[in-house]
Amino acid sequence: MRILVISDSHGQSERVKSLLVKYADEVHAVLHLGDLDRDLLKHEGSTELRLLAVAGNCDNTLSSPHERLLTLGRRKILMVHGNQYIVNQNTDRLACRALEQEADICLFGHTHIAETFTDGNVFYMNPGSITNPRDDKNPSYGLLTIDEETGGVSGEIIFDE
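Each chain has its residues counted from 1, following the order in which its sequence is written. pLDDT decides what is reported in this predicted model: residues at 70 or higher carry local features, side-chain atom pairs at 80 or more are listed and counted, and totals for whole chains, interfaces and linings draw on all residues regardless. Computation of side-chain values: all heavy atoms of the structure, hydrogens and water removed.

Draft legend 1. Quick peek at the packing of aromatic side chains. Any pair of Phe, Tyr and Trp rings, taking the six-membered ring for Trp, is counted once the centres come within 6.5 Å. Such a pair is stacked with planes under 30 degrees apart, edge-to-face with planes over 60 apart, and tilted for the rest. What the rule picks out here adds up to two aromatic pairs. Both rings, one in Tyr23 and one in Tyr141, keep their centres 5.7 Å apart while their planes meet at 70 degrees; by these two values the pair is edge-to-face. One end of the pair, Tyr23, is in the loop between α1 (13–22) and β2 (29–32); the other, Tyr141, is in strand β9 (residues 140–146), with 118 residues separating them in the sequence. Measuring from ring centre to ring centre gives 4.7 Å for Phe117 and Tyr124, while their planes differ by 10 degrees; the resulting arrangement is stacked. Only DSSP runs of H or I with at least four residues qualify as helices, and only runs of E with at least two residues qualify as strands; both kinds are numbered from the N terminus onward.

Put into structure tokens, the structure is as follows:
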């Protein structure tokens, strides 16, 4: 199972749409980690893909929760924007929340800096920003893969040119 993970689109819904079109036949779901969740949610009904979002610190609507816990494949995924766990300083608070929720995967945004890492048994991914990276790299997003037979998890960050 492949999942497209995006974050921090900040009003660039056409950029989100281009990714939905590009990966329509390759992914099972699209997860938006906030800032601005409506950039994804406005495409509901125009795709067969499962679209899920969480609200970020720039989202003024109540369309999405600030946190989601879901199961895809055989893995439990915690989705947050990250500001509520002060991820721009470190991921310690976020790691505690992931453990409390017994998450296998923790997805977060907010920093606009793409990264993947494993801490204990939890796989973490921040896909960066698809519009405004803060690390002197190109805009980015993530592809998360969950092996449906083994439950193995891997992820890659894709940097656009």
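Picking up after the structure, the text goes on.
Draft legend 2. Here's a closer look at helix α3 (residues 92–100). Type-normalised accessible area, obtained with a 1.4 Å probe on protein chains alone, sets the label of each residue: buried when under 20%, exposed when over 50%, and partly exposed for intermediate values. Residues Leu94, Ala95 and Ala98 constitute the buried set of α3. For α3, the angular spread of buried residues about the axis comes to 100 degrees, placing them on one side. Residues of α3 that are exposed and point over 90 degrees away from its buried face: Asp92, Leu99 and Glu100. Contact partners of the buried residues in α3: β5 (75–80), β6 (105–107), β7 (115–119) and β8 (122–126). The reported arc concerns the directions from the helix axis to the C-beta atoms and nothing else. Throughout, a residue-residue contact means that at least one pair of heavy atoms, one from each residue, lies within 4.5 Å.

Draft legend 3. Geometry of unusual backbone geometry. Between Asp35 and Leu36 the backbone carries a cis peptide bond, its omega angle lying at 5 degrees. Unlike most non-glycine residues, Ile86 shows phi in positive territory, near 50 degrees. Note that Ile86 resides in the loop between β5 and α3. Overall, the relative accessible area of 30% leaves Ile86 in the partly exposed class. Not every positive phi belongs to a glycine, and Glu102 is a case in point at roughly 55 degrees. Locating Glu102 in the fold gives a position in the loop between α3 and β6.

Draft legend 4. Examining the pattern of salt bridges more closely. When a carboxyl oxygen of Asp or Glu lies within 4 Å of a side-chain nitrogen of Lys or Arg, that pair is called a salt bridge. Under the defined criterion, the tally for this structure stands at six salt bridges. A salt bridge links Arg97 to Glu67, with the nearest nitrogen and oxygen atoms 2.6 Å apart. Highlighted residues: Arg97 in helix α3 and Glu67 in strand β4 (residues 67–72), separated in sequence by 30 residues. You can call Arg97 partly exposed: its relative accessible area is 22%. Here the salt bridges do not stand alone but share partners, grouping Arg2, Glu26 and Glu156 into one network.

Draft legend 5. View of the nonpolar core. Joining through side-chain atoms within 4.5 Å is the link that ties buried Ala, Val, Leu, Ile, Met, Phe, Trp, Tyr and Cys residues into a set, and such a set is a nonpolar core. One finds Ile3, Ile77, Met79, Leu107 and Leu144 to be the most contacted residues of the largest nonpolar core, which totals 17 residues. Those elements giving two or more residues to this core turn out to be β1 (2–6), β2, β4, β5, β6, β8 and β9. Non-local contacts of Ile3, meaning those with residues more than four positions away in its chain, are made with Val27, Ala29, Leu31, Leu72, Ile77, Gly142, Leu143, Leu144 and Ile146. Grouped together as the second largest cluster of nonpolar side chains are 15 residues, Val16, Leu19, Leu40 and Leu51 included.

Draft legend 6. Geometry of α1. When we look at burial in α1, the residues that qualify are Ser13, Val16, Leu19 and Leu20. Taken end-on, α1 shows its buried residues confined to a sector of 115 degrees, consistent with a single buried face. Counted as exposed and oriented over 90 degrees from the buried face of α1: Glu14 and Val21.

Draft legend 7. Structural detail: the sheet that holds β4. As summarised here, the arrangement of the five strands in space is β4-β5-β6-β8-β7, forming an open sheet in which the pairing is mixed. Each edge of the open sheet carries a strand with a single partner, namely β4 and β7. The sheet shows a mean angle of 20 degrees between the axes of neighbouring strands, direction not considered. Strand direction decides the pairing type here: β6 and β8, joined by three bridges, are parallel. Note that in β8 the partner of Ile105 across the bridge is Phe123. Inter-axis angles, ranging from 0 to 180 degrees, are taken between N-to-C directions of lines fitted to C-alpha atoms, where helices are fitted over the stretch in contact. Together, β4, β5, β6, β7 and β8 form the strand contacts of α3, whose direction differs from that of β8 by roughly 130 degrees. A pair of strands is treated as paired once DSSP finds two or more bridges between them.

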